[in-house]
Amino acid sequence: MKKLEQMYEGKAKKVFRTDDPERFIVEYKDDATAFNGQKKGTILGKGGINNRMTNMLMQMLEKQGVPTHFVEELSERETVVKKVTIVPLEVIVRNISAGSFAQRYGVEEGIVFDEPTIEFSYKNDDLGDPLMNQYHALALKLATKEEIETIKTMALKVNAALKEFFLTVGIKLVDFKLEFGRTSDGTVILADEISPDTCRLWDQETNEKLDKDRFRRDLGNVEDAYQEVMRRLMGE
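Residues numbered from 1 in each chain as written. Predicted model: local features only at pLDDT ≥ 70, side-chain atom pairs only at ≥ 80, totals over all residues. Heavy atoms only, no water.

**Regarding the overall build of the protein chain**
Point 1. Along the protein chain, the regular secondary structure elements total six helices and 14 strands.
Point 2. Its C-alpha atoms give the protein chain a radius of gyration of 17 Å, within 12% of the compact-globule value 18 Å for 236 residues.
Point 3. Its C-alpha atoms give the protein chain principal-axis dimensions of roughly 50 × 45 × 35 Å.
Point 4. A buried classification covers 50% of the 236 residues belonging to the protein chain.
Point 5. Taking the contacts inside the protein chain whose residues are at least 6 apart along the sequence as the reference set, 56% of them involve residues at least 24 apart.
Point 6. As presented, the protein chain carries roughly 11500 Å² of accessible surface, and 49% of it is formed by carbon and sulfur atoms. (Helix = DSSP H or I, 4+ residues; strand = E, 2+ residues; numbered from the N terminus. Rg over C-alpha atoms; globule rule 2.2 N^0.38 Å. Buried < 20%, exposed > 50% of the residue type's maximum accessible area, 1.4 Å probe, protein only. Contact = heavy atoms within 4.5 Å. Areas by Shrake-Rupley, 256 points an atom, 1.4 Å probe, with all protein chains shown as cover.)

**Let's talk about helix α4 (residues 145-167)**
Point 1. If you check α4, its first and last C-alpha atoms are 33 Å apart, about what 23 residues at 1.5 Å a residue would give, namely 33 Å.
Point 2. Turning to α4, its buried residues number three or more, namely E147, I148, I151, M154, A155, V158, N159, A161, L162 and F166. (Expected span 1.5 Å × (residues − 1).)

**Side note on the pairing of strand β13 (residues 188-191)**
Point 1. Burial along β13 is two-sided: the residues V188 and L190 and I189 and A191 are all buried.
Point 2. Looking at chain direction, strand β12 (residues 171-182) and β13 are connected through four bridges and run antiparallel. Looking across to β13, one finds that R182 is bridged to V188.
Point 3. Counted along the chain from β12 to the antiparallel partner β13, the turn is five residues long, and its residue G186 has a positive phi close to 90°. (Pairing = 2+ DSSP bridges.)

Function-wise, these values are silent; they only describe arrangement.
As structure tokens, this is what we get:
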């Protein structure tokens, strides 16, 4: 497969066209941003960790019946994925109160919910990715009613699988963001990434943060935290 011109560059990844119209190549970067790009930095080795971790978790989810965009890992930072049109909804699944949820509702971090919650954000950097409910998504024609139901069902399935898996390596899955895409025939599948950039991960015993919050909150040892997650997941 031949890598052709760059189609897109986001905060954490570049996307390239290939000589197969149904395949893209994604390249992960070490660039780090927070607060909608207001804070910028670099986390050395992050691109490789996020690439390999995403691919491993997506292959695990495929085995559990969740369709994903993963095709093939090319190198430490590059992966072949199915061409999708991203549904402009960020889907946040929360198991424990943290981050913007705790701030918004004036509660402390660490409250374990009786059941997971789902939030939608409008994927729009210019507007700061505002929260929205499914009625807004329908009004703006971002997705159909059927697609929203599919997305919610898949998000909860992903949550159950990831929560169980992370616990086996002593990590609590606090919350995480997912994105979904439509393939050329309109099928909705899981896209984007699953990594310490997009998940809040706490050590099961100590509640030590092992994710991008270390960068957001200037806690230090950001690279070490990402490497620790990778080491536990991959046994490295």
